[in-house]
Amino acid sequence: MDDFNSLMIINEDDFNIDNEVSFEQAVENISNTVDKMLNENPELLFSYLYRLDVDESKIKKALSPLSIEAPHRGLARLILERQQQRIKTRLEYSPRKKN
């Protein structure tokens, strides 16, 4: 699986309340891939962040030396938050199934 797909494997089931994986555990899981990409191929990582439509000002804050968490964790958190937004929007605007 390539790095982008490992960042994109998030779906509605990943954020169910009953799911065993917490948000923080998901951040930890994704942060390993982000850290690797940040060190080995940052241009590709930023390309992926652009494709995921992560807010550029938030990326800058996550990368700031004044940030309270490590850059790779901050970026992982932004990726997950953006995926949650996308899922929420998709659910709000998708046709409802009739029972």
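Look up: the structure comes first, before these words.
About the thresholds
Residues numbered from 1 in each chain as written. Predicted model: local features only at pLDDT ≥ 70, side-chain atom pairs only at ≥ 80, totals over all residues. Heavy atoms only, no water. Axes fitted to C-alpha atoms, helices over the stretch in contact; angles between N-to-C directions. Helix = DSSP H or I, 4+ residues; strand = E, 2+ residues; numbered from the N terminus. Parallel < 35°, antiparallel > 145°, perpendicular 65-115°, else oblique. Contact = heavy atoms within 4.5 Å. Nonpolar A, V, L, I, M, F, W, Y, C, P; charged D, E, K, R; others polar.

**Some points on the packing of helix α2 (residues 23-40) against helix α3 (residues 42-51)**
- Two elements in contact, α2 and α3, have axes separated by 6 Å at closest approach and are oriented at 130°. Between α2 and α3, the interaxial angle falls into the category oblique. Of the residues in α3, those touching α2 at Val 34, Met 37, Leu 38 and Glu 40 are Pro 42, Leu 44, Leu 45, Phe 46 and Tyr 48.
- Residues belonging to the contact of α2 with α3 are distributed by class as follows: 8 nonpolar, no polar and 1 charged.

**With respect to unusual backbone geometry**
- Not every positive phi belongs to a glycine, and Asp 53 is a case in point at roughly 65°.
- Topologically, Asp 53 is positioned in the loop between α3 and α4 (56-63).

**Concerning the environment of Arg 73**
- Tracing the backbone shows Arg 73 in helix α5 (residues 71-93).
- In the structure, Arg 73 is positioned 38 residues away from Asp 35 in sequence and 7.9 Å away in space, judged by C-alpha atoms.
- In this structure Arg 73 touches Glu 24, Val 27, Glu 28 and Ser 31, once residues within four positions along its chain are discounted.

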